Amino acid sequence: SDSEADARAVVEVARYGYPRKSINCTFDRDGLNVGDTVQFTSSLLGIDNQFVVKRLRIRWPATQDKTRYMAELGEFRPDLIDYLRKS
């Protein structure tokens, strides 16, 4: 029906109609995996939110003794599945 289609459109726009934040960062701490959620805070950028690790790249620089990780973080938007996993 038209009312169901309108309701579905409202849900889709609310969920996907606004751009999602994405952050690329570099760090040297082990233990992060794709799919993990991390708290990212930057007063310079005005960001204090949870993000999901979408992609990781690892680099072993020849001149340094620490492994470098490059991560792409995507905005975390929990759904019912995420809530059920935590309970």
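Everything discussed here concerns the structure shown above.
Presented here is a report on the structure given in the accompanying data block. (Residues numbered from 1 in each chain as written. Predicted model: local features only at pLDDT ≥ 70, side-chain atom pairs only at ≥ 80, totals over all residues. Heavy atoms only, no water.)

**Some remarks on the layout of surface pockets**
- Roughly 260 Å³ of volume is contained in the largest pocket.
- Cys 25, Thr 26, Phe 27, Arg 29, Asp 30, Gly 31, Leu 32, Val 38, Gln 39, Phe 40, Thr 41 and Leu 73 are the residues that line the largest pocket.
- Within the residue set of the lining of the largest pocket, elements represented by two or more residues are β1 (22–27) and β2 (37–42).
- Considering only residue class, the lining of the largest pocket consists of six nonpolar, four polar and two charged. (1 Å grid on protein atoms, 1.4 Å probe; cavity = no way out; pocket = protein on both sides within 12 Å on 5 of 7 lines; lining within 4 Å. Points joined across faces, edges and corners; volume = space filled by probe spheres on them. Helix = DSSP H or I, 4+ residues; strand = E, 2+ residues; numbered from the N terminus. Nonpolar A, V, L, I, M, F, W, Y, C, P; charged D, E, K, R; others polar.)

**A word on the packing of aromatic side chains**
- Evaluation of the coordinates by the stated rule reveals two aromatic pairs.
- Relative to Tyr 69, the ring of Phe 27 lies with its centre 5.4 Å away and its plane at 15 degrees, an arrangement referred to as stacked. A residue pair is termed long-range when its members are at least 10 positions apart, and Phe 27 in strand β1 and Tyr 69 in strand β4 (residues 68–75) qualify at 42 residues. Across this residue pair, the class does not change: Phe 27 and Tyr 69 are buried.
- Measuring from ring centre to ring centre gives 6.1 Å for Phe 40 and Phe 51, while their planes differ by 80 degrees; the resulting arrangement is edge-to-face. Within this pair, whereas Phe 40 is found in strand β2, its partner Phe 51 is found in strand β3 (residues 47–59), the two being separated by 11 residues in sequence. (Phe/Tyr/Trp six-rings, centres within 6.5 Å; stacked < 30°, edge-to-face > 60°. Buried < 20%, exposed > 50% of the residue type's maximum accessible area, 1.4 Å probe, protein only.)

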